[in-house]
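Examination of the molecular architecture
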Amino acid sequence: MHKLRKSLLLVSILILGFAGYLALGQYTLPEGPGKDLVLAKCQTCHDIGFVARERLSRERWNAIIDEMVTRGLQITPEERSAILDYLATYLGTEPPPTPPQVQPAPTPKTGAQVYANCAGCHGPQGEGNPPAFPPLKGHVKKLLKAEGGRTYLLLVVLYGLQGPIKVEGKEYAGIMPGFAWLSDEEIALVLNHLAGWGAPQGFKPYTPDEVKAARAKALTPEEVLKLRQGLKLP
C-alpha cells in the first residue's frame, strides 16, 4: 500500500511538471524589432517560456546577457544591443508598447469609380442629359476614330471645354469644368472607361505617363474648343 501511494505521488509530480512545462510553452514573445533575433539566440538553450514570462529592468537584462556571453553565447555588439533593446522594451518592468495597427492596403480605383465625377452631368451610362449635357456613349468612339481625337479627349477631361458644340446632331452650349485635380492614373482610368463604351479597332489604352505628358502644356477651356473645331468629325 505504501509503495502504491509512493508511485501515485511520483506520477502526480510528473504530470504537474509536464503541465507546467506545457504552460511555459504557451508563452509567445510580443511582436517588435529584435524578436526574431531573441528567438534565434535565446531559444537555443532556453525554453522560450522561461524568457517570455520574465519582466525585468534593463539593467537586469543587461546583466543576464553578460552572464550568457560568459557561458558561450556568440553575439556581435550590434546583436547584443538589439537583443537588450527588445528585452527591455517588450519584457521590461513597464507595459510593452501597443503594436502599430496595420492599415489595409487601399483598394485600387476603377474607371467606373472615377467616372462617378462625370455621371451627374453625362449620365450613369454616358447617355447624357439633353439639352444641357451631351451624351458620351457613341460620341467617344467617333472622337477616338478622328485624327487628333485621342489627344482632344484627354485634354477636354484635363482642362474642360467652353463654347458651342454639336453632338449627335444636337447643339450644346454649356461649360464643362476640367478635372486636372485627379491623378494621372485616375484620368487614364476614366478615359479607358469611356473607351469601353466603344473604341475603334486597335485602340491602345491611355496610360498615366500619357496623361502626365499632356499636363506639360496647360490649356484654357476655350483653347480646347479650338482643338475640337479642328477635328474632322462625322
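Up top you'll find the structure we're talking about.
The structure displayed is predicted, hence computed values, not measured ones.

1. What to know about helix α9 (residues 184-195)
Along its twelve residues, α9 runs 17 Å from first to last C-alpha, staying within 8% of the 16 Å computed at 1.5 Å per residue. All buried positions along α9 are accounted for by D184, E186, I187, A188, V190, L191, L194 and A195. Those residues of α9 that are buried are in contact with α6 (111-122), α7 (139-145), α8 (149-159) and α10 (208-214).

2. Considering α6
Restricting attention to buried positions, one finds in α6 the residues G111, V114, Y115, C118 and H122. Seen along its axis, α6 keeps its buried residues to an arc of 95 degrees; they face one direction. Those residues of α6 that are exposed and angled more than 90 degrees off the buried face are A116 and G120. Against the buried residues of α6 lie α9.

3. Notes on the layout of surface pockets
What the largest pocket holds in volume is close to 460 Å³. The wall of the largest pocket is formed by 28 residues, among which H122, P134, L136, V156 and M176 lie closest to the centre. Mapped onto the lining of the largest pocket, the elements with two or more residues apiece are α6, α7, α8, β2 (165-167), β4 (175-176) and α9. Along the lines of polarity and charge, the residues of the lining of the largest pocket split into 22 nonpolar, five polar and one charged.

4. Regarding the packing of helix α4 (residues 58-70) against helix α5 (residues 77-90)
Viewed as axis vectors pointing N to C, α4 and α5 meet at an angle of 140 degrees, and their least axial separation amounts to 9 Å. Classified by the angle their axes make, α4 and α5 are oblique. Along this stretch, α4 crosses α5, giving a crossing that reads as right-handed. Between α4 and α5, the residues in contact are R58, W61, N62, I65 and D66 and R80, I83, L84, D85, L87 and A88, respectively. Residue classes in the contact of α4 with α5 are distributed as six nonpolar, one polar and four charged.

Criteria and thresholds
- Residues numbered from 1 in each chain as written.
- Predicted model: local features only at pLDDT ≥ 70, side-chain atom pairs only at ≥ 80, totals over all residues.
- Heavy atoms only, no water.
- Helix = DSSP H or I, 4+ residues; strand = E, 2+ residues; numbered from the N terminus.
- Expected span 1.5 Å × (residues − 1).
- Buried < 20%, exposed > 50% of the residue type's maximum accessible area, 1.4 Å probe, protein only.
- Contact = heavy atoms within 4.5 Å.
- Arc of directions from axis to C-beta.
- 1 Å grid on protein atoms, 1.4 Å probe; cavity = no way out; pocket = protein on both sides within 12 Å on 5 of 7 lines; lining within 4 Å.
- Points joined across faces, edges and corners; volume = space filled by probe spheres on them.
- Nonpolar A, V, L, I, M, F, W, Y, C, P; charged D, E, K, R; others polar.
- Axes fitted to C-alpha atoms, helices over the stretch in contact; angles between N-to-C directions.
- Parallel < 35°, antiparallel > 145°, perpendicular 65-115°, else oblique.
- Left-handed = near helix turned anticlockwise from the far one by under 90°.

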